[in-house]
Amino acid sequence: MPALLEMQEFYAGYGPIEVLKGISIEVRPGEIVALIGANGAGKTSTLMGISGCLRPRRGRVLWESQEIQQLPAHEIVRRGICHSPEGRKIFPRLTVLENLQMGAFSRRDRAGIERDLVHAFELFPILAERRTQAGGTLSGGEQQMLSVARALMGRPKLLLLDEPSLGLAPMIVVKIFDVVRKLNQEGMAILLVEQAARMALKLAHRGYVMEIGQITMVDKAAALLTDKRVQDAYLGE
Ligand SMILES: Nc1ncnc2c1ncn2[C@@H]1O[C@H](COP(=O)(O)OP(=O)(O)O)[C@@H](O)[C@H]1O
Ligand SMILES: [Mg+2]
């Protein structure tokens with residue numbers, strides 16, 4: 001099957017500093033792909049490169065075989081790539097409901113938005129209970145759920161998740177990973193950046209290992225889990 005997303009030889013950075021040095025990643029329809037690597041490797045920058053928040057110096061991003069690396073971020077959302085960014089980045093003064101509505105900003109299909117809102121509340125019932133509460137007053141776990149749910153309101157074909165487990169209690173992490181699995185079973189492709197490498201690789205079909213701006217390994221997730229180098233460097237064995 002042709003890839004849904006192909007990042008090809010992508011170079012990008014901040015000012016004079018190059019942090020992505022020829023990244024090539026693909027996500028196929030129906031896949032969960034994990035991107036793991038140490039702090040500062042460039043995982044967040046990679047997701048930003050896909051969602052149009054970081055422009056390449058060289059290289060391309062193909063989405064459904066069309067180049068998107070020069071499109072504005074909102075157009076990339078409209079085409080079906082939605083991003084739950086590192087640090088959640090919810091709107092603290094807006095209510096839960098308003099945060100979710102912001103996630104649907106690129107859409108005009110009112111009935112569809114309403115349906116997706118119901119679906120988001122089914123996935124995360126706590127958000128339904130908190131719908132009139134300001135985002136900033138939610139717990140860390142609830143804010144993470146809101147960040148994922150807001151991304152879902154863009155109706156993604158590909159969901160980019162940046163460190164959804166960061167700083168959360170294990171029980172909440174399990175809940176969020178369960179939702180990721182469920183979304184994938186419904187057909188959504190997912191590119192998951194995680195420090196919790198073992199959990200991410202257990203959930204994913206394939207994985208990439210990133211080191212200082214380059215992809216150093218790519219394989220089936222199960223193979224990475226049993227790889228000695230991956231175990232030593234990322235799985236604490
Ligand atoms: N806005 C920025 N300005 C300058 N350097 C940045 C910026 N964001 C990230 N970096 C640098 O780029 C490198 C990769 O960062 P990042 O993509 O956040 O990695 P990761 O998500 O893997 O921790 C790091 O060295 C980081 O310090
Ligand atoms: Mg990061």
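Residues numbered from 1 in each chain as written. Chains lettered and ligands numbered in written order. Predicted model: local features only at pLDDT ≥ 70, side-chain atom pairs only at ≥ 80, totals over all residues. Heavy atoms only, no water.

Attention now goes to the pairing of strand β4 (residues 58-63). Looking at chain direction, strand β1 (residues 5-14) and β4 are connected through five bridges and run antiparallel. Bridged to Q8 within β4 is R60. Bridge analysis of β4 against strand β5 (residues 66-67) gives two bridges, and the strand direction is antiparallel. When the bridges of β5 are listed, W63 appears paired with Q66. What sits between the antiparallel neighbours β4 and β5 is a turn of two residues, in which E64 has the positive phi angle 45°. (Pairing = 2+ DSSP bridges. Helix = DSSP H or I, 4+ residues; strand = E, 2+ residues; numbered from the N terminus.)

Here we have four strands laid out as an open sheet, ordered β2-β1-β4-β5, and antiparallel in their pairing. A strand with exactly one partner marks an edge of an open sheet, and here the two such strands are β2 (17-27) and β5. Running over the sheet, helix α1 (residues 43-51) touches β1, β2 and β4 and is turned about 115° from β1. (Contact = heavy atoms within 4.5 Å. Axes fitted to C-alpha atoms, helices over the stretch in contact; angles between N-to-C directions.)

Here we come to the site of ligand 1. Around ligand 1 sit Y14, V19, A38, N39, G40, A41, G42, K43, T44 and S45, and that is every residue in its neighbourhood. Here an oxygen atom of ligand 1 sits 3.2 Å away from a polar atom, N or O, in the main chain of A41. At a separation of 2.5 Å, an oxygen atom of ligand 1 approaches a polar side-chain atom of S45. About the coverage of ligand 1: the protein hides 60% of its 560 Å² of free accessible area. (Near = heavy atom within 4 Å. Polar contact = N/O pair within 3.5 Å; in protein donor to acceptor, adjacent residues only side chain to side chain. Areas by Shrake-Rupley, 256 points an atom, 1.4 Å probe, with all protein chains shown as cover.)

With that out of the way, let us pick up the side chain of Q144. By secondary structure assignment, the location of Q144 is in helix α6 (residues 140-152). Contact partners of Q144, with chain neighbours within four places excluded, come to S84, R88, E163, P164, L168 and I176.

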